[in-house]
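Letter by letter, the chains look like this.
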Amino acid sequence: MINLHYVPTGNNLKIAIMLHETGLPYQLVKYSMLAGSHLTPEFRRINPNNKLPAIVDMDPADAKGPLSVFESGAILLYLAEKTSNLISSDFRKRLLTLQWLTWQVAGLGPMLGQATHFQRYAPEGQDYGRTRYNREALRHIDVMEYRLREADYLAEEFSIADIACFPWASGAAGLGISMDDHPAVSAWLERVKARPSVAAATAAIYDEDRKRFMAERVEMTPDEWSNMFGDRMYAAARVAPRAGN
Ligand SMILES: N[C@@H](CCC(=O)N[C@@H](CS)C(=O)NCC(=O)O)C(=O)O
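S.K.: Explain the nonpolar core here, please?
M.R.: Nonpolar side chains tend toward joint burial in soluble globular proteins. Within the largest apolar cluster, 54 residues are counted, with the highest numbers of intra-cluster contacts made by Ile55, Leu79, Ile141, Met144, Val185 and Trp188. Mapped by element, the contributors of at least two residues to this core are strand S1 (2-6), helix H1 (10-22), helix H3 (72-83), helix H4 (91-120), helix H5 (127-148), helix H6 (160-170), helix H7 (183-193) and helix H8 (196-205). Ranked by residues supplied to this core, first place goes to H6 with eight residues. Those residues in contact with Ile141 that sit more than four places away from it in its chain are Leu108, Leu112, Ala169, Ala172, Ile177, His182 and Val185. Membership of the second largest hydrophobic core comes to 14 residues, among which are Leu34, Ile46, Tyr121 and Met220.

The structure is reproduced here in structure tokens:
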């Protein structure tokens, strides 16, 4: 059994898709970013970064008891290796998968994530930040377009790299990126969306709570802001000074 600790966002959808692709049995453990339920010391023992997704594998290969894994890219790789699924054993395709997976977690996700932050949450103005991240978001979708004109999938065969990129590329149009200018990305999105795992995972984790995050501008109470972007979020990461410091 895999416990998926989650909130209803794209980074979490990746793991739900993977769980449906592999058929691994799983249980959902839901958090609320707005209420700050992920900012507890208990959850920090599962993910030292206090972010979602994280999993706890109750039945890991070493049989040494429950094993937690954090960071969506690492979780995808862990589940792929656990099940020998969605990462090719072919030397070159495996390397392609690792490159596009790393590109997603280090580039596509952070850049589109910051563009989304400026669009939905940041105060008006901030034009330098808005322009910088909108241009980076567009550049990343251009990079996908270039790759997907060469191949149907990022690593030639459908893999964890496609799962990782899917939720982010799905949100590109909402950031004002023209999908008509990216026909290969659009066709790839349709191919991935047609997989039964995507509908099943979406139904499993995208619920009413998600609507709050999908608004063009997200209104929050001061407490909710503190939990997501302010003092409570930063306080959760602090460590007590070492004795003698
Ligand atoms: N690099 C991380 C990103 C995780 C992340 O930022 N998750 C968001 C939801 S998509 C979160 O937990 N936000 C809560 C917060 O920032 O306090 C991953 O890919 O797992």
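More follows now that the structure is in view.
S.K.: Sorry if this is basic, but what is going on with the packing of aromatic side chains here?
M.R.: The geometry of an aromatic ring pair is captured by the separation of the ring centres together with the interplanar angle, meaning the angle of the planes. One pass over the structure, following the stated rule, counts seven aromatic pairs. Relative to Phe43, the ring of Tyr31 lies with its centre 4.7 Å away and its plane at 45 degrees, an arrangement referred to as tilted. Note that Tyr31 is positioned in the loop between strand S2 (26-30) and helix H2 (41-46) and Phe43 in helix H2, a separation of 12 residues in sequence. With respect to burial, Tyr31 and Phe43 carry one shared label: buried. On the basis of an interplanar angle of 25 degrees and a centroid distance of 5.7 Å, the ring pair of Phe118 and Tyr133 is categorised as stacked. Residue Phe118 is found in helix H4, and its partner Tyr133 is found in helix H5; the two are separated by 15 residues along the sequence. Phe118 sits in the buried class, given a relative accessible area of 14%. For Tyr133, a relative accessible area of 22% puts it in the partly exposed group. Positioned above the aromatic ring of Tyr153, the side-chain terminus of Arg191 is 5.6 Å from the ring centre.

S.K.: It is not clear to me how the domain arrangement of the chain should be interpreted in this structure. Could you clarify?
M.R.: Accessible area lost upon the coming together of the parts serves often as the stated size of an interface. Examined at the domain level, the chain breaks down into domain 1 (2-85 + 199-237) and domain 2 (91-195). For domain 1 and domain 2, the distance between their C-alpha centres works out to 20 Å. Every contact between the two is made by 24 residues of domain 1 and, on the other side, 22 residues of domain 2. Both faces considered, domain 1 and domain 2 share a buried interface measuring about 1800 Å² in area, 61% of it formed by carbon and sulfur atoms.

S.K.: Looking at this structure, how should I read the pairing of strand S3 (residues 54-57)?
M.R.: On any regular strand, side chains alternate: one points to one face of the sheet, the next to the other face. Alternating residues of S3 divide into Ala54 and Val56 and Ile55 and Asp57, and every residue in both groups is buried. Looking at chain direction, S1 and S3 are connected through four bridges and run antiparallel. Counterpart to Leu4 in the pairing with S3 is Ile55. Relative to strand S4 (residues 67-70), S3 runs antiparallel, the two sharing four bridges.

S.K.: Honestly, the site of the ligand in this entry has me stumped. Any pointers?
M.R.: In the vicinity of the ligand, the contacting residues are Val7, Thr9, Asn11, Met33, His38, Lys51, Leu52, Pro53, Glu71, Ser72 and Met233. In this structure, His38 approaches the ligand through a side-chain N or O atom, which is 2.8 Å from an oxygen atom. A distance of 2.6 Å separates an oxygen atom of the ligand from a polar atom in the side chain of Ser72. About the coverage of the ligand: the protein hides 80% of its 510 Å² of free accessible area. Of the residues contributing to the shell around the ligand, the split by class is five nonpolar, four polar and two charged.

Conventions used here
- Residues numbered from 1 in each chain as written.
- Predicted model: local features only at pLDDT ≥ 70, side-chain atom pairs only at ≥ 80, totals over all residues.
- Heavy atoms only, no water.
- Core = buried A, V, L, I, M, F, W, Y, C linked by side-chain atoms within 4.5 Å.
- Buried < 20%, exposed > 50% of the residue type's maximum accessible area, 1.4 Å probe, protein only.
- Helix = DSSP H or I, 4+ residues; strand = E, 2+ residues; numbered from the N terminus.
- Contact = heavy atoms within 4.5 Å.
- Phe/Tyr/Trp six-rings, centres within 6.5 Å; stacked < 30°, edge-to-face > 60°.
- Lys NZ or Arg CZ within 6 Å of the ring centre and 35° of its normal.
- Domains from an automatic or database assignment.
- Buried area = accessible area lost by both parts, 1.4 Å probe.
- Pairing = 2+ DSSP bridges.
- Near = heavy atom within 4 Å.
- Polar contact = N/O pair within 3.5 Å; in protein donor to acceptor, adjacent residues only side chain to side chain.
- Areas by Shrake-Rupley, 256 points an atom, 1.4 Å probe, with all protein chains shown as cover.
- Nonpolar A, V, L, I, M, F, W, Y, C, P; charged D, E, K, R; others polar.

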